[in-house]
Amino acid sequence: GAVVSQHPSRVICKSGTSVKIECRSLDFQATTMFWYRQFPKQSLMLMATSNEGSKATYEQGVEKDKFLINHASLTLSTLTVTSAHPEDSSFYICSASPRTSRGFMNTEAFFGQGTRLTVV
Amino acid sequence: AQSVTQLGSHVSVSEGALVLLRCNYSSSVPPYLFWYVQYPNQGLQLLLKYTTGATLVKGINGFEAEFKKSETSFHLTKPSAHMSDAAEYFCAVIGGGFKTIFGAGTRLFVKA
């Protein structure tokens, strides 16, 4: 199957600083990637859809100025948590899907390993 | 809009017993359904998926699930639980825009 790599796997930062998380599709091009957030003992909630070459689409309630998404190439999307606070501590996961030979989006999403963000 | 509901946030079974994790879906179009497993502090691992074709889907680690359209269900089963099966399990459906929509998750506990 396709491989999605996320980096870093863990990060600890001080309150008020910004943190960048990278999501790469290693063996396919991804015009669309998705960012999820998971609080302890909860499910994954979609934060935003990252679109290559255009603005991300954010889900309701997600602050776009807080969670900056850049999808500058077909294999890389980044999520930057700006001015992080302890309440931003969470597990962040990205996903992407390769397109089929006919150009349609594959029905299966491939997930990165996740990034554990701790803001102190 | 598509959605999934997982019945039971916690399920506890004895080692060797049947595992049954319940998932019901809502979809206005033929659904694409998935089961994922997540171990503590790790990402998601795909157990199995249903897109089209055979309604009984076999996955990794001895798990299988049956798509029942009449019941709008996609329950996950395993005949004999192992200690290593203790984890969080998520049922998911592909929604509009190819977003993956997850259920709330079910924590499986396996007792020795």
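(A) A look at the overall build of chain B. Check the secondary structure of chain B and you find 0 helices and 11 strands. The linear arrangement of helices and strands in chain B, starting from the amino end, is β-β-β-β-β-β-β-β-β-β-β. At 13 Å, chain B has a C-alpha radius of gyration in line with the 13 Å of a compact globule built from 112 residues. Once the C-alpha set of chain B is aligned to its principal axes, its extents read approximately 40 × 30 × 20 Å. In chain B, buried positions account for 43% of the 112 residues. Residue pairs in contact within chain B that sit at least 24 positions apart in sequence constitute 55% of those at least 6 positions apart.

(B) Structural detail: the sheet that holds strand S8 (residues 73-78) of chain B. Residue and element names in this part refer to chain B. With antiparallel pairing, the 5 strands of this open sheet are ordered in space as S1-S3-S8-S7-S6. On the outer flanks of this sheet lie strand S1 (3-7) and strand S6 (56-58), each paired with one strand and no other. Within the sheet, the average angular offset between the axes of one strand and its neighbour, ignoring direction, is 20°. Summarising the sheet, strand S7 (residues 64-68) and S8 pair through 5 bridges and their orientation is antiparallel. Bridge pairing in S8 places Glu64 opposite Thr77.

(C) Spotlight on the state of the cysteines. Under the defined criterion, the tally for this structure stands at 2 disulfides over all chains. In this model, A:Cys23 is linked to A:Cys94 through a disulfide, with the two sulfur atoms separated by 2.0 Å. Residues A:Cys23 and A:Cys94 are joined through a disulfide that is right-handed, its torsion about the S-S bond being 85°. With A:Cys23 in strand S3 (residues 19-25) and A:Cys94 in strand S9 (residues 90-96), this residue pair connects regions lying 71 residues apart in the sequence. Its relative accessible area of 0% is what places A:Cys94 among the buried residues. Linked covalently through their sulfurs, B:Cys23 and B:Cys91 form a disulfide whose S-S length is 2.0 Å. On the sign convention where negative is left-handed, the bridge of B:Cys23 and B:Cys91, at about -65° about the S-S bond, is left-handed. Of this pair, B:Cys23 sits in strand S3 (residues 19-26) while B:Cys91 is found in strand S9 (residues 87-94), placing the two residues 68 residues apart along the sequence. The buried category is assigned to B:Cys23, whose relative accessible area is 0%. The buried category is assigned to B:Cys91, whose relative accessible area is 0%. No disulfide involves A:Cys13; its sulfur sits 18 Å from the nearest other cysteine sulfur, which is in A:Cys94.

The rules behind each value
- Residues numbered from 1 in each chain as written.
- Chains lettered and ligands numbered in written order.
- Predicted model: local features only at pLDDT ≥ 70, side-chain atom pairs only at ≥ 80, totals over all residues.
- Heavy atoms only, no water.
- Helix = DSSP H or I, 4+ residues; strand = E, 2+ residues; numbered from the N terminus.
- Rg over C-alpha atoms; globule rule 2.2 N^0.38 Å.
- Buried < 20%, exposed > 50% of the residue type's maximum accessible area, 1.4 Å probe, protein only.
- Contact = heavy atoms within 4.5 Å.
- Pairing = 2+ DSSP bridges.
- Axes fitted to C-alpha atoms, helices over the stretch in contact; angles between N-to-C directions.
- Disulfide = S-S within 2.5 Å.

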